[in-house]
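A look at the structure
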Amino acid sequence: MSTPSSELKSTNLKTPDGTTPSGNRAILKNSSRRLSSAFKSPLRVSNNDKSQIANEEKNLKEEIRTLREKEFQIDKEIDTLITEGYRDDELNDHIQKLHDYNEMKDIGQMILGRIAVQKGTTTKDIYEKYGLNMDD
């Protein structure tokens, strides 16, 4: 059974040993203070902080504008490529071939590295021995 707040009296806090902590703070007291008042943040935003926030917002809006322009340019380039006859499936096929090439190249470099370790030399020396270019 609950008791209306208007009937509650001040209650002092007591520690387990029966003493009252400093301040004699009341848990509840009959008051006209409204609990539904607007929230007031304990953190105050200074004018400097407000201007910094405004600058960050301005920078973000500028970045969004720049990215939208870049997206528009890329869309125009895609449209140009499509009108020139390039097809999406050709692009995907080309990308897959590049992936395959890179995987084979990585395997070849691993093999050359292992040969260099077995012979006790550097990979650079192995490339030179087999007439390979280090930039390939």
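Residues numbered from 1 in each chain as written. Predicted model: local features only at pLDDT ≥ 70, side-chain atom pairs only at ≥ 80, totals over all residues. Heavy atoms only, no water.

**What about the overall build of the protein chain?**
For clarity, the threshold we go by: Runs of E in the DSSP output that reach at least two residues are strands. Runs of H or I that reach at least four are helices, and both are numbered from the N terminus. Throughout this description, buried means an accessible area under 20% of the type-specific maximum (1.4 Å probe, protein chains only), exposed means over 50%, and partly exposed covers the range between. Computed with a 1.4 Å probe, the accessible areas rest on the Shrake-Rupley method; for each residue, only the protein chains presented here act as cover.
If you tally the helices and strands in the protein chain, you get three helices and zero strands. The order of α-helices and β-strands along the protein chain, N terminus first, is α-α-α. Evaluated residue by residue, the protein chain yields a buried proportion of 3% over its 136 residues. In the structure as shown, the protein chain presents an accessible area of about 13100 Å², 54% of it carried by carbon and sulfur atoms.

**Let's talk about the pattern of salt bridges**
Quick note on the threshold: Here, a salt bridge means any Lys or Arg side-chain nitrogen found within 4 Å of an Asp or Glu carboxyl oxygen.
Counted under the stated rule, the structure contains six salt bridges. The partner of Glu-90 in a salt bridge is Arg-87, with the nearest N and O atoms 3.5 Å apart. On the basis of relative accessible area, Glu-90 is assigned to the partly exposed category, the value being 37%. A relative accessible area of 48% means that Arg-87 is categorised as partly exposed. Taking the shortest distance from any N to any O, the salt bridge between Lys-97 and Asp-93 comes out at 3.6 Å. In this pair, Lys-97 and Asp-93 are both assigned in helix H2 (residues 88-119), four residues apart and thus about one turn of the helix distant. Lys-97 sits in the exposed class, given a relative accessible area of 53%. Bridged by salt links that share partners, the residues Glu-62, Arg-65 and Glu-69 form one connected network.

**Here's the deal with the layout of surface pockets**
One water molecule sets the probe size; rolling that probe over the atoms shows where empty space is left. In plain terms, the rule: Lining residues are those with an atom within 4 Å of a point, where the points come from a 1 Å grid over the protein atoms alone and group into cavities, where a 1.4 Å probe fits but cannot get out, or pockets, open sets with protein on both sides within 12 Å along at least five of seven lines. Grid points are joined across faces, edges and corners, and a volume is the space filled by probe spheres set on the points. Under this grouping Gly is polar, as are all residues other than the nonpolar Ala, Val, Leu, Ile, Met, Phe, Trp, Tyr, Cys and Pro and the charged Asp, Glu, Lys and Arg.
The space that makes up the second largest pocket amounts to roughly 210 Å³. Elements supplying a minimum of two residues to the lining of the second largest pocket: helix H1 (47-83) and H2. The residue makeup of the lining of the second largest pocket, split by class, is five nonpolar, no polar and three charged.

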